[in-house]
Amino acid sequence: MNRSEVGLSLFVLFSVGDLASGISGDITPSTPKHMRRTMIVPATGFYVDTRFVFNSSGVTIPANQVVRYLDGSDQTVLKCATAELSAEKIAGIAPQDIPTAKFGFVVCGGKFAVLNDSGAPIAAGDRIRTTVTGGIATNDETTAARVAGRFGIALAAIPDATIGLCELTLP
């Protein structure tokens with residue numbers, strides 16, 4: 001058992017549409033972005049890849065929001081505030097609120113819930129990208145910026161302002 005696992009318990013997640021809950025707070029992770037941990041989501045039976053991160057944004061990062069790396073860091077994160085952000089700069093999706101100046105974890109691979117805050121519905125099978133408000137939108141164009149920003153696919157239709165299930169594929 002390593003330092004990042006001491007005193008932690010598995011998280012309990014959503015039935016699609018519910019917010020996720022999990023672990024965060026005063027832990028000292030020892031796993032930078034290239035070190036993934038695989039966990040099972042008890043409520044769904046899905047396996048997800050996770051990374052431990054540190055929120056330096058000055059505000060709480062809400063659950064189901066896209067989280068990006070602070071430039072030059074492989075562990076410090078901020079809430080994503082960029083449309084079509086390159087997938088290599090995305091750390092993952094926060095499964096629960098990550099308080100400011102605290103460690104938490106993000107989901108970076110597998111089936112997980114993400115907030116559609118694009119102003120339009122997302123259809124099942126749509127490729128997804130980031131939005132300026134920390135959620136997701138359809139990414140069906142072929143411009144270089146949009147191709148670089150694709151980081152998953154919607155597994156079912158997701159109405160606007162709703163949390164839905166996506167397959168995440170982050171580097």
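For clarity, every value in this text was computed on a predicted model and none was experimentally measured. (Residues numbered from 1 in each chain as written. Predicted model: local features only at pLDDT ≥ 70, side-chain atom pairs only at ≥ 80, totals over all residues. Heavy atoms only, no water.)

Chain-level statistics for the protein chain give a pLDDT mean of 79 and a share of 75% at 70 or above. Across the protein chain, strand β4 (residues 66-69) holds the top mean pLDDT of 93, while strand β1 (residues 24-25) sits lowest at 44. Taken as a whole, residues 1-27 scores under 50 in pLDDT and shows 68 contacts with residues more than four places along the chain or in a different chain. (pLDDT = per-residue confidence, 0-100. Helix = DSSP H or I, 4+ residues; strand = E, 2+ residues; numbered from the N terminus. Contact = heavy atoms within 4.5 Å.)

Moving on, we come to the side chain of asparagine 116. Examined against the element boundaries, asparagine 116 turns out to sit in strand β7 (residues 103-116). Judged by its relative accessible area of 0%, asparagine 116 falls in the buried class. Within the local environment of asparagine 116, its side chain forms a polar contact with the backbone oxygen of alanine 120, the two atoms lying 2.9 Å apart. In this structure the side chain of asparagine 116 is engaged in a polar contact, spanning 2.9 Å, whose partner is the backbone oxygen of isoleucine 158. In contact with asparagine 116, other than residues within four places in its own chain, are Pro121, Ile122, Ile136, Ile158, Pro159, Asp160, Ala161 and Thr162. (Buried < 20%, exposed > 50% of the residue type's maximum accessible area, 1.4 Å probe, protein only. Polar contact = N/O pair within 3.5 Å; in protein donor to acceptor, adjacent residues only side chain to side chain.)

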